[in-house]
Amino acid sequence: MTAKSAKDKDNAANALWGGRFAAGPDAIMEKINASIDVDRRLYKQDIAASRAHCRMLVATSIITAADGDAILKGLDTIEAEIDAGTFAFSAQLEDIHMNVEARLKDLIGEAAGRLHTARSRNDQVATDFRLWVRDAFDTLDNGIKDLQHSLLDRADEHAETIMPGFTHLQTAQPVTFGHHLLAYAEMFDRDRGRMQDARRRLNEAPLGAGALAGTSFPIDRQQTAADLGFDRPAGNSLDAVSDRDFAIEFLSACALTSVHLSRLAEEIVIWMSAPFRFVALSDAFSTGSSMMPQKRNPDAAELVRGKTGRIIGDLNALLITLKGLPLTYFKDMQEDKEPVFDAYDALALSVAAMSGMIQDLTVNAPAMRAAAAQGFSTATDLADWLVREADVPFRDAHDIAGRAVRLAEENDYADLAALSLDELKSVDSRLTAGVQDVLSVESSVASRTSYGGTAPTRVREQIVAFRQRVS
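Predicted model only: the values in this text are computed from it and were never measured. Counting starts from 1 at the beginning of each chain's written sequence and moves along it residue by residue. Given that the model is predicted, a residue must reach a pLDDT of at least 70 before its local features are reported, and side-chain atom pairs must reach 80 or more before they are shown or counted; all residues, however, enter totals for whole chains, interfaces and linings. Side-chain measures were taken over the full set of non-hydrogen atoms in the model, leaving aside hydrogen atoms and water.

Enquirer: What is the right way to read helix α16 (residues 394-410) from this model?
Expert: Along an α-helix, residues three or four positions apart point the same way, because every turn accommodates 3.6 residues. Helix and strand assignments follow DSSP, with helices taken as H or I runs no shorter than four residues and strands as E runs no shorter than two, numbered in order from the N terminus. Each helix should span, by expectation, one fewer than its residue count multiplied by 1.5 Å. An ideal rise of 1.5 Å per residue puts 24 Å on 17 residues; α16 measures up with 24 Å between its terminal C-alpha atoms. Looking only at α16, the buried set comprises Ala397, Ile400, Ala401, Ala404, Val405, Leu407 and Ala408. One face of α16 carries all of its buried residues, which in axial projection span an arc of 160 degrees. When the buried face of α16 is taken as reference, the exposed residues oriented beyond 90 degrees from it are Arg395 and Glu410. Contact between two residues is taken to exist if any of their heavy atoms lie within 4.5 Å; hydrogens are not considered. Lining the buried residues of α16 we find α15 (379-390) and α17 (421-427). At the C-terminal side of α16, Asp412 shows a positive phi close to 60 degrees. Burial classes: relative accessible area under 20% of the type maximum marks a residue as buried, over 50% as exposed, and values in between as partly exposed (1.4 Å probe, protein chains only). The arc in question is the one spanned by the directions pointing from the helix axis to the C-beta atoms.

Have a look at this one:
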């Protein structure tokens, strides 16, 4: 390193840390200490928070209006440069905050140094990060809402399409494909609710907490909080700079949403497999094989399923990072943003991909209906008929239905509807001709009219109700 470059490096260190340090950091220290490659994503939020802080400093007469105008114009220029991709980021300046401040000094001179009055990078990054997560919640909410609309549209289309309902991946009872899709709409509704709830909780402004103890300057934290769209300033300066609950809640919400996406993705993988052939995806959402020309692979679904592991890992990473930290700020917390950014990117892409797949699905209704009739899926309907029509206790009716299933199996029948009346009577004399009316999958589905049930009339009611609340 030349004498000039060493001096430049020392000057950069002094700009960061002040007169306490006489020399710059070792190259390895500089590399491990810098976060600009990650936190440059916060530039919009950092500039927005700086604008709010500047306006407050002017309003409270802590800095002059002339300096405030210069600062605001400089920040506008910096934002335009970053937007255009012409801003020169520097690892020597560590993070987005110092990169912006250094460029501001280049643009407006000494007045730039007044912007950092009554704030620290600790409350600055806590504010920027909350603003970013708040924006991410809003973007994800819109994406999940679009996915719900895709599910509702397909559910409406298939409110009467019969498919097998499974427990233990064994045929249980007939349901409709529309009803099945609505189950996921419900899951994603809870996901949106969790995100909206966490967003409300994070909406407190750390700005003005300083490094950890507040400031002696007569700042107006109510003004900056309102300016940035926060509900209120954070009430404790120690907690304001050290709290990362909002990031944990964000990752928790992302992880659970990704689990729901993964469950739906797994179903698509199963439904597309040769034994099922319930659905197909077009070339837009599937791939082929480099060796086997007949293959159509549900890669989009598999990748959504695969990204779930990453998102859960991001949550675990931040929990483990934070678990041993006393108050208040530690450099460990520089590791908080990368898992949040990673989880957001993976989840936003997964939500969009799933919405596309749901819209793209071609449904093989005959295959679904044929599978629904297999496995004696109307056995419960036989038992329910005995309870209603012959006043048989359900436990006894369950036993009778089981014997009817055994008889059908012994005769190699595909379903209970194939049993003749004489065969039914041989199982139990109380089985009369009327029972044959309930043994088809169509009558089974139509009979499930309890609230939240699979009957097409109920499915359509739920779709109407869902559309009203998915806004």
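Enquirer: Teacher, can you tell me more about the packing of aromatic side chains here?
Expert: For any pair of aromatic rings, geometry is given as the distance between the ring centres together with the angle between the planes. The pairing test for Phe, Tyr and Trp rings, Trp by its six-membered ring, is centres within 6.5 Å, and the orientation test on the planes gives stacked under 30 degrees, edge-to-face over 60, and tilted for anything in between. Tallied over the entire structure, the rule returns 9 aromatic pairs. Here Phe137 and Phe250 contribute two aromatic rings whose centre-to-centre distance is 5.1 Å and whose plane-to-plane angle is 65 degrees, an arrangement assigned as edge-to-face. Here Phe250 lies in helix α11 (residues 245-272) and Phe137 lies in helix α7 (residues 121-157), a separation of 113 residues in the sequence. Accessibility expressed as a relative area gives 2% for Phe137, which makes it buried. A connected cluster of aromatic rings, assembled from ring pairs, spans Phe129, Trp132, Phe246, Phe341 and Tyr344. For a ring to carry a charge above it, either NZ of a lysine or CZ of an arginine must fall within 6 Å of the ring centroid while also lying within 35 degrees of the normal to the ring plane. When the ring centre of Phe341 is taken as origin, the NZ or CZ atom of Arg41, which lies over that ring, is 4.8 Å away. Lying across the ring of Phe230, Arg134 places its NZ or CZ 4.9 Å from the centre.

Enquirer: So what exactly am I meant to see when it comes to the pairing of strand β1 (residues 162-167) here?
Expert: Looking down a regular strand, the side chains alternate between one sheet face and the other. With 6 bridges joining them, β1 and strand β2 (residues 170-176) adopt antiparallel strand pairing. By the bridge assignment, Thr167 is partnered in β2 with Gln170. Once β1 ends, the chain turns through 2 residues before running back antiparallel as β2, passing His168 with a positive phi of about 60 degrees. Strand pairing requires that DSSP identify at least two bridges connecting the strands.

Enquirer: Teacher, can you tell me more about helix α4 (residues 43-59) here?
Expert: In this model α4 runs 24 Å from its N-terminal to its C-terminal C-alpha over 17 residues, within 8% of the 24 Å that 1.5 Å per residue would give. Within α4, 12 of the 17 residues are buried, leaving the element largely enclosed by the surrounding structure. Regarding α4, the residues found buried are Tyr43, Gln45, Asp46, Ile47, Ala49, Ser50, Arg51, Ala52, His53, Cys54, Met56 and Leu57. Elements that come into contact with the buried residues of α4 comprise α3 (36-39), α5 (65-84), α6 (96-108), α7 and α9 (221-227).

Enquirer: Can you help me understand unusual backbone geometry in this one?
Expert: The phi angle of most residues is negative, glycine excepted, and most peptide bonds adopt the trans form. Cis geometry is adopted by the peptide bond preceding Thr328, which originates at Leu327 and carries an omega value of 5 degrees. With respect to the helices and strands, the residue Thr328 is situated in the loop between α12 (299-322) and α13 (337-360). The backbone phi angle of Glu94 is positive, close to 70 degrees, even though this residue is not glycine. Within the secondary structure layout, Glu94 lies in the loop between α5 and α6. Judged by its relative accessible area of 4%, Glu94 is buried.

Enquirer: I keep staring at the environment of Ala367 and nothing clicks. Help me out?
Expert: Among the secondary structure elements, Ala367 is positioned in helix α14 (residues 365-373). Discounting residues that sit within four places of it in the chain, Ala367 has contacts with Phe276, Arg277 and Phe278.

Enquirer: Looking at this structure, how should I read the nonpolar core?
Expert: In summary, soluble globular proteins display a tendency toward joint burial of nonpolar side chains. By nonpolar core we mean a set of buried residues, namely Ala, Val, Leu, Ile, Met, Phe, Trp, Tyr and Cys, connected to one another through side-chain atoms within 4.5 Å. The biggest cluster of nonpolar side chains holds 88 residues, and the ones touching the most others in it are Val133, Leu151, Phe250, Ile268, Val340 and Met354. A total of 15 residues in this core trace back to one element, the largest contributor, which is α11. Those residues in contact with Leu151 that lie beyond four places of it in its chain are Leu181, Tyr184, Ala185, Phe188, Leu264 and Ile358. With 22 residues, the next largest nonpolar core counts Ala404, Leu407, Leu424 and Leu439 among its residues.

Enquirer: Just to check I follow, could you spell out the side chain of Asn33 for this structure?
Expert: Its location among the elements puts Asn33 in helix α2 (residues 27-33). Pairing of N or O atoms within 3.5 Å defines a polar contact, subject to two protein rules: one partner must be a possible hydrogen donor and the other a possible acceptor, and residues neighboring in sequence count only if both atoms are side-chain atoms. Looking at Asn33, its side chain comes within polar contact range of the side chain of Glu94, at 2.7 Å.

Enquirer: Hey, could you run me through the environment of Ser420 in this one?
Expert: Positionally, Ser420 belongs in the loop between α16 and α17. Expressed as a C-alpha distance, the spacing of Ser420 and Gln436, which sit 16 residues apart in the sequence, is 8.7 Å.

Enquirer: Which parts of the structure should I look at to understand the pattern of salt bridges?
Expert: Oppositely charged side chains may form a pair once their charged atoms are brought near each other. Any Lys or Arg side-chain nitrogen located within 4 Å of an Asp or Glu carboxyl oxygen qualifies as a salt bridge. Counting across every chain of the model gives 35 salt bridges. Note that Arg51 and Asp76 form a salt bridge whose closest N and O atoms lie 2.9 Å from each other. Of this pair, Arg51 sits in helix α4 while Asp76 sits in helix α5; the two residues are 25 residues apart in sequence, bridging distant segments of the chain. Given a relative accessible area of 15%, Arg51 falls into the buried group. For Arg103, the salt bridge is made with Glu81, and the minimal N-O distance between the two is 2.7 Å. Taken together, the residues span a long stretch of sequence, with Arg103 in helix α6 and Glu81 in helix α5 at a distance of 22 residues. Each of the salt bridges in this network shares a partner with another, and the network as a whole consists of Lys44, Arg51, Asp76, Glu79 and Asp83.

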